[in-house]
Amino acid sequence: MDGPSGSGKSSVSRGVARALGLRYLDTGAMYRAMTWWMLRQGVDLADPDAIAARCAEPAVVPGTDPDGPTIRVDDVDVAGPIRESEVTGAVSVVAAVPEVRTRLVALQREIIGEGDIVVEGRDIGTVVWPDAAVKVYLTASAEARARRRSAELTGSTVEAQQAAMARRDTLDSTRKTDPLSMAAGAVELDTTPLTLEEVIGEVLRLVKERT
Ligand code: DC
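Every residue gets a number counted from 1 within its own chain, in the order that chain's sequence is written. Totals for whole chains, interfaces and linings use all residues, but because this is a predicted model, local features are given only for residues with pLDDT of at least 70 and pairs of side-chain atoms are given and counted only at 80 or more. For side-chain calculations, the full set of non-hydrogen atoms in the structure is used, while hydrogens and water are omitted.

1. Brief notes about the overall build of the protein chain
Inference 1: Where helices and strands are cited, they refer to DSSP runs of H or I of at least four residues and of E of at least two residues respectively, numbered from the N terminus. Across its full length, the protein chain carries nine helices and seven strands.
Inference 2: In terms of C-alpha radius of gyration, the protein chain reaches 16 Å, essentially the compact-globule figure of 17 Å for 211 residues.
Inference 3: Counting only C-alpha atoms and orienting by the principal axes, one finds that the protein chain spans roughly 45 × 40 × 30 Å.
Inference 4: Looking at the 211 residues of the protein chain, the share that counts as buried comes to 44%.
Inference 5: Here the analysis covers contacts within the protein chain between residues at least 6 apart in sequence; of these, 73% occur between residues at least 24 apart. C-alpha atoms define the radius of gyration, and 2.2 Å times the number of residues to the power 0.38 defines the globule rule. With a 1.4 Å probe rolled over the protein chains alone, any residue whose accessible area is under 20% of its type maximum counts as buried; one over 50% counts as exposed, and the rest are partly exposed. Residues count as neighbours in contact if any of their non-hydrogen atoms are within 4.5 Å of one another.

Okay, structure coming up:
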């Protein structure tokens, strides 16, 4: 399940995993956890070489239960801190460093290799697991995506969200290594006019059709 922020990937992926009794992996949380660790270590995020030099150090361990996704770094629970604005504002920079991606993609493949899983991210169908049985690319209008995100966060206006998301989307789509793009064989689903239940239903229908 790939797509830009606010397209509904997390809610849809978790809902589909729950409905089918599958595991769930949030790869964005892994990039956020790496970013949290870099910030805590005081690594200069303006220096990609400094990020690359340290990125093998933290143990990033995501849980795979769709009912209670967890993420730990060096055995510290970072599920809360990785959603804060400091990490959200810096994650695109860290995720653009090729060495970071090589390391986290390897971890993701280990987890996915155990099978029976719904995985959400930006490059799952293109890079991480091109042989996935079902590939979905979720989209939604910029306004709908900003509205959903600001409903999740307190103290954030739709306009401020839309500007911050546009900035992050540009960084994620234009970076050199594994940019956000639709995979060959993916089904594009525009969630703008749909409810969460309708999107989950559509994905479940695709899964049934394709597997
Ligand atoms: O889905 P999210 O907002 O939690 O993702 C956080 C950031 O991580 C996002 O700005 C892009 C990056 N990311 C990535 O580069 N590749 C992935 N597979 C998942 C996320």
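That was the structure; now back to the text.
2. Digging into the site of the ligand
Inference 1: The rule for a residue being near a molecule or strand is that one of its heavy atoms must lie within 4 Å of it. Surrounding the ligand, one finds 15 residues, the nearest of these being Arg 32, Arg 101, Asp 123, Arg 168 and Arg 175.
Inference 2: In this structure, Arg 101 approaches the ligand through a side-chain N or O atom, which is 2.8 Å from an oxygen atom.
Inference 3: Between a nitrogen atom of the ligand and a side-chain N or O atom of Asp 123, the distance comes to 2.8 Å.
Inference 4: Every accessible area reported is derived by Shrake-Rupley at a probe size of 1.4 Å, with residue values counting cover from the shown protein chains alone. Against a free-state accessible area of 450 Å², the protein chains account for coverage of 98% of the ligand.
Inference 5: The set of elements that each furnish at least two residues to the shell around the ligand consists of helix 2 (27-41), helix 4 (85-95) and helix 8 (158-174).
Inference 6: Broken down by element, the shell around the ligand gets its largest block of residues, four residues, from helix 2.
Inference 7: Residues were grouped as follows: Ala, Val, Leu, Ile, Met, Phe, Trp, Tyr, Cys and Pro as nonpolar; Asp, Glu, Lys and Arg as charged; and all remaining residues, including Gly, as polar. Residue classes in the shell around the ligand are distributed as three nonpolar, four polar and eight charged. Here a polar contact is taken to be a pair of N or O atoms separated by no more than 3.5 Å, where protein atoms must pair a possible hydrogen donor with a possible acceptor and residues adjacent in sequence count only if both atoms sit in side chains.

3. A few points about the nonpolar core
Inference 1: Buried Ala, Val, Leu, Ile, Met, Phe, Trp, Tyr and Cys residues form a nonpolar core when they are joined through side-chain atoms within 4.5 Å. The biggest cluster of nonpolar side chains holds 36 residues, and the ones touching the most others in it are Met 38, Ile 51, Ile 71 and Val 100.
Inference 2: When residues of this core are traced back to their parent elements, those giving at least two are helix 2, helix 3 (48-54), strand 3 (71-73), helix 4, helix 5 (98-112), strand 5 (117-120) and helix 6 (124-128).
Inference 3: At eight residues, the largest contribution of residues to this core is made by helix 2.

4. So, the sheet that holds strand 4 (residues 76-77)
Strand-to-strand pairing in sheets goes through backbone hydrogen bonds, with the strands running parallel or antiparallel.
Inference 1: Two strands qualify as a pair provided that DSSP identifies no fewer than 2 bridges between them. Spatially, three strands are ordered 2-3-4 in an open sheet, and the strand pairing comes out antiparallel. Two strands lie at the open edges of the sheet, namely strand 2 (60-62) and strand 4, each paired on one side alone.
Inference 2: Strand direction decides the pairing type here: strand 3 and strand 4, joined by two bridges, are antiparallel. Residue pairing for strand 4: Arg 72 is matched across the bridge by Asp 77.
Inference 3: Along the sheet, helix 2 contacts strand 2, strand 3 and strand 4; its crossing angle with strand 3, the most-contacted strand, is approximately 30°. Angular values range over 0 to 180 degrees, each being the angle between N-to-C directions of two axes fitted as lines to C-alpha atoms, with helices fitted over their stretch in contact.

5. Description of helix 2
Helical geometry: 3.6 residues make up each α-helical turn, so side chains three or four residues apart lie on a common side.
Inference 1: With 15 residues, helix 2 ought to run about 21 Å at 1.5 Å a step, and its terminal C-alpha atoms sit 22 Å apart, in line with that.
Inference 2: Those residues of helix 2 lying buried are Thr 27, Ala 29, Met 30, Tyr 31, Arg 32, Ala 33, Met 34, Thr 35, Trp 36, Trp 37 and Met 38. Here the expected length of a helix is defined as 1.5 Å per residue gap, with one fewer gap than residues.

6. With respect to helix 1 (residues 9-20)
Inference 1: In this model helix 1 runs 16 Å from its N-terminal to its C-terminal C-alpha over twelve residues, within 8% of the 16 Å that 1.5 Å per residue would give.
Inference 2: The complete set of buried residues in helix 1 reads Lys 9, Val 12, Ser 13, Gly 15, Val 16 and Ala 17.

7. Quick notes on the side chain of Lys 9
Inference 1: Here Lys 9 lies in helix 1.
Inference 2: Glu 120 provides the closest opposite charge to the buried, salt-bridge-free Lys 9, at an N-O distance of 4.6 Å.
Inference 3: Separated by 2.9 Å, the side chain of Lys 9 and the backbone oxygen of Gly 3 make a polar contact.
Inference 4: From its side chain, Lys 9 meets the backbone oxygen of Pro 4 in a polar contact 3.2 Å long.
Inference 5: Lys 9 has contacts with Met 1, Asp 2, Gly 3, Pro 4, Glu 120, Gly 121, Arg 122 and Leu 138, leaving out every residue within four places of it along the chain. When charges are counted, neither His nor the chain ends are considered; positive counts come from Lys and Arg and negative counts from Asp and Glu. When a carboxyl oxygen of Asp or Glu lies within 4 Å of a side-chain nitrogen of Lys or Arg, that pair is called a salt bridge.

8. Focus on unusual backbone geometry
Inference 1: One non-glycine residue, Asp 116, lies in the positive phi region at around 50°.
Inference 2: Considering the arrangement of structural elements, one finds Asp 116 in the loop between helix 5 and strand 5.
Inference 3: Among the residues examined, Asp 116 registers a relative accessible area of 59% and is labelled exposed.
Inference 4: For Asp 178, which is not glycine, the phi dihedral falls at a positive 50°.
Inference 5: As for its placement among the helices and strands, Asp 178 is situated in the loop between helix 8 and strand 7 (187-190).
Inference 6: Assessed through its relative accessible area of 21%, Asp 178 is described here as partly exposed.

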